[in-house]
Amino acid sequence: MRRHTPAAALAGGVEGPDQLRYFTEVVLDAAADGACERGGPLPQGGPEAVAARVREVWPNALPEHGTGAVEALRTLVGAVARGAADPADPHCVAHLHCPPLAVAAAADLAAAALNPSMDSWDQAPAATVVEQDVTAALAGLVYPRAARPDALVTSGGTESNLVALLLARERARAAGAASLQVVCGANAHHSVHRAAWTLGLPAPVTVGCAGGRMDPAALERTLAGYGRATPVLVVATAGTTDQGAIDPLPELVDVAARHGAELHVDAAYGGMLLFSEAHARRLSGLDAAVSVTLDLHKLGWQPVAAGVLAVADADVLERLALTTDYLNADDDTEAGLPDLLGRSIRTTRRPDVLKIAVTLRALGRTGVGELVDRCVDGAEEFAQQVDQHPRLRLHPGGVGISTVLFRPVAADELAGREGDACVADVRRKLLADGRAVLGRARAQDEDGDDRLWLKATLLNPQTTPADLAALLKLVADTAAAPHTTQYSVGDDR
Ligand SMILES: *Cc1c(COP(=O)(O)O)cnc(C)c1O
C-alpha cells in the first residue's frame, strides 16, 4: 500500500500504474460504499436533498490548499456514488442509459492513464491501429456487401447525425446545389433538427408517422414535392428514443431511391440488433443507407462516450480531410505517418475505441448478441407482466426493441390532462423516494389521442422476471396512493 502517494503523481510510465493501483482501490472502495449507502437506484429526497448532501462534504470547489489525493477521491467519488442514478440497478430504466460492463470500464481506465490522443499518429501509434481495425469491423457489420465501407468513432448519436448531415451537405454543394433539404419522420431524434440548425440548413421537413414509425406514403408525398434540382437527405430512425420503433426501412429505401434522395439511418439505439442472430433481420434495408448512426453507449454496455458513424463508401469521408502542419504535414504523410485528422470533426480525441475493442474481443459478436437478446427478452417479459396486471395497461404498440410504454389504470380513469398529470406524478414520486427511475413518453393511444406514458427502457441483461415484477408492484402501489402534482419528498423507503 502506498499511503503516501503524492497528489501530483503521474498515471503513466513504469511507475505510474503502481501509483494508480492504490488510487484505484480508494476509488473502488468509495464507489462500493456509496452504492451501499444509497441502497437503491437513485438517491432519496430529490434535487435539494441531493445537493445538500454533496455540499455538506464538499463545500468548496476551489480550496486554497488541497486535501491530498486520497481524501479528495474518497470524498468526491463517495458523494457521486451515493448520489448516482445507477443503471446497474434493475429499477433504473428511464433512458437509453446503460449499465457499463466492468471489462469496458477497466479498459477505459487504461485509456485515461495512457491518454492516447487520436488526432495524430505520434500521440497514438498503437491506438491508431486499434481504431482502424475496429471501425473496419463495425463498418463491415453494417455494410456486409459494400466494397469499401468505413466508420468513424464519435462522441455519440448527436455527433454522428451532425457529421452525416455535414457530409450530405458537402456532397450537395459539390454537385452544384445551393443547399440540402433534410426530410425526417416526426419521430426523429432532436439531434437531427439541431444538426440542420448547426449547419445552417433549412429546417428539416417532418413526415407523418403511423404507430410511431415513418409512413412511407407520407414520405412519398413529401418527396414528390421536390424537383431533382433540390438534393434531399431522408433521415430514418431504427429504434426511436421514446418507443424503440423501427421505421419500415425497405419501403423507405424504395421511396427514397425512386425520388433520387439519399438516406441516412439513425440507428443509435437499434443498430446493435446487428449483433443478434435472432433480431438482426429487423434491420433489413439498413445497408442501403449512405450512412448509419450507431451508439455503443446505449444497447452496447460501454461507458460514455462510444458513438460510431458508418458509411457505405469510404470516399464520402474525404470531405473531412484537413491538413495542419503540426499534426499531419504533407511530407510526414508522404513519409508514411498515418493521417488521422480527417477521421473526426474534433481535434484532441479520447481513444474511446479501446473499451469497444476489448469488449468485442472478450465477448465476441455472439456474446454481445446474447446480451442484446437478453434485453429484448426482458422487455417481452415485462410487457407480458404489465398486460396481466389488473392495475396497469400496456401501450397498444407493444414492445419496441427493449422499450415498454405503460400507464396506471388509475390514470385512464381520469380525464385527459389529469390522467397525464397522474402519470407524471407517479414518476416523480418514485424519483423522490429513490425507488425507481422510469422515463416518460408521449405517444398515441388506440383512439388516436396523444397521452403521457411511463417508459421502461430495459438495457440491463442481468435483470430477472422477479425484479420486473417488483418494479410493477412499486408503480401500481404508488399510483394507488393519494397523489399531489408537487415534487413530493419521500421520507421512508
Ligand atoms: C440517443 C439518441 C441520439 C443521440 O445520441 P447521443 O449519444 O445521446 O448523442 C440520437 N438518435 C437517437 C435515435 C437516439 O436514441
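Here the structure is a predicted model, which is why all the values come from computation and not from measurement.

Asker: What should I look at first to understand the layout of surface pockets in this one?
Answerer: As a volume, the largest pocket reaches approximately 1,100 Å³. Forming the boundary of the largest pocket are 39 residues, of which A31, P100, L101, A105 and P303 lie nearest the centre. The element best represented in the lining of the largest pocket is helix α1 (residues 16–38), accounting for nine residues. Considered class by class, the residues forming the lining of the largest pocket number 30 nonpolar, six polar and three charged. In this structure, the second largest pocket occupies an estimated 620 Å³ of space. Among the elements of the structure, β4 (209–210), β12 (439–444) and β13 (450–457) are those that each provide at least two residues to the lining of the second largest pocket. Top element by residues in the lining of the second largest pocket is β12. It accounts for three residues. Class assignment of the residues belonging to the lining of the second largest pocket gives a composition of eight nonpolar, 13 polar and six charged. There are two domains that each give the lining of the second largest pocket at least three residues, and those are domain 2 (116–349) and domain 3 (364–480).

Asker: Please clarify how the site of the ligand should be interpreted in this entry.
Answerer: As a structural note, the neighbourhood of the ligand is formed by 14 residues, with T158, D266, D295, H297 and K298 the closest of them. K298 is positioned such that a nitrogen or oxygen atom in its side chain is 3.0 Å from an oxygen atom of the ligand. A total of 380 Å² of accessible area belongs to the ligand in isolation, and the protein chains cover 85% of it. A total of three residues in the shell around the ligand trace back to one element, the largest contributor, which is helix α6 (residues 157–174).

Asker: How should the packing of helix α5 (residues 125–142) against helix α12 (residues 353–388) be read in this particular structure?
Answerer: The packing of two helices is summarised by the inter-axis angle and the distance between the axes. Two elements in contact, α5 and α12, have axes whose closest approach is 9 Å; the angle formed by their N-to-C orientations is 55 degrees. It follows that α5 is oblique to α12 by the angle criterion. As for the relative orientation of α5 and α12, their crossing is left-handed in sense. Counting all contacts with α5, which are made through A127, V130, E131, V134, L138 and L141, the residues of α12 involved are V353, I356, A357, L360 and R365. A per-class count over the contact of α5 with α12 returns nine nonpolar, no polar and two charged.

Asker: How should the domain arrangement of the chain be read in this particular structure?
Answerer: How large an interface is tends to be reported as the accessible area lost when its parts come together. Along its sequence, the chain is organised into domain 1 (16–85), domain 2 (116–349) and domain 3 (364–480). Inter-centroid distance (C-alpha atoms) of domain 2 to domain 3 is 30 Å. Across the contact, 21 residues belong to domain 2 and 23 residues belong to domain 3. Across the domain 2/domain 3 interface, buried area totals approximately 1,700 Å², and carbon plus sulfur atoms make up 61% of it. Contact with domain 3 buries area across many residues of domain 2, yet Q243, F275 and W301 alone supply 36% of it, more than any other trio. On the surface where domain 2 and domain 3 come into contact, there are two salt bridges. Linking E277 and R365 is a salt bridge whose minimum nitrogen-to-oxygen distance equals 3.1 Å. For the pair domain 2 and domain 3, the interface holds seven residue pairs in polar contact (both at pLDDT 80 or more). Looking at side-chain class alone, the side of domain 2 that touches domain 3 contains ten nonpolar, seven polar and four charged residues.

Parameters and conventions
All residue numbers refer to positions counted from 1 along the written sequence of the respective chain. Reporting of local features is limited, given that this is a predicted model, to residues whose pLDDT is at least 70; pairs of side-chain atoms are given and counted only at 80 or more, and all residues count toward the totals for whole chains, interfaces and linings. Side-chain measures were taken over the full set of non-hydrogen atoms in the model, leaving aside hydrogen atoms and water. Lining residues are those with an atom within 4 Å of a point, where the points come from a 1 Å grid over the protein atoms alone and group into cavities, where a 1.4 Å probe fits but cannot get out, or pockets, open sets with protein on both sides within 12 Å along at least five of seven lines. Grid points are joined across faces, edges and corners, and a volume is the space filled by probe spheres set on the points. Strands here are runs of E lasting at least two residues and helices are runs of H or I lasting at least four, both read from the DSSP assignment and numbered beginning at the N terminus. Polar here means any residue other than Ala, Val, Leu, Ile, Met, Phe, Trp, Tyr, Cys and Pro, which are nonpolar, and Asp, Glu, Lys and Arg, which are charged; Gly is therefore polar. Bear in mind that the domain bounds are from an automatic or database domain assignment. Whether a residue is near a molecule or strand is decided by its heavy atoms; if any one of them lies within 4 Å of it, the residue is near. Under the rule applied, a polar contact is a pair of N or O atoms within 3.5 Å (in protein, one hydrogen donor and one hydrogen acceptor; residues adjacent in sequence only if both atoms are side-chain atoms). Accessible areas in this description were obtained via Shrake-Rupley with a 1.4 Å probe; residue shielding takes into account the shown protein chains only. Axis geometry follows a simple rule: fit a line to the C-alpha atoms, using only the stretch in contact for helices, then measure angles between N-to-C directions, giving values from 0 to 180 degrees. With respect to orientation, any angle under 35 degrees is reported as roughly parallel, any angle over 145 as roughly antiparallel, any angle of 65 to 115 as roughly perpendicular, and every other angle as oblique. When the near helix sits turned anticlockwise from the far one by under a right angle, the crossing is termed left-handed; a clockwise turn instead gives a right-handed crossing. In this analysis, two residues are considered to be in contact whenever any of their non-hydrogen atoms come within 4.5 Å of each other. Each of two parts loses accessible area, computed with a 1.4 Å probe, when they are put together; buried area is these two losses added. We define a salt bridge as a contact between a side-chain nitrogen of Lys or Arg and a carboxyl oxygen of Asp or Glu at a distance within 4 Å.

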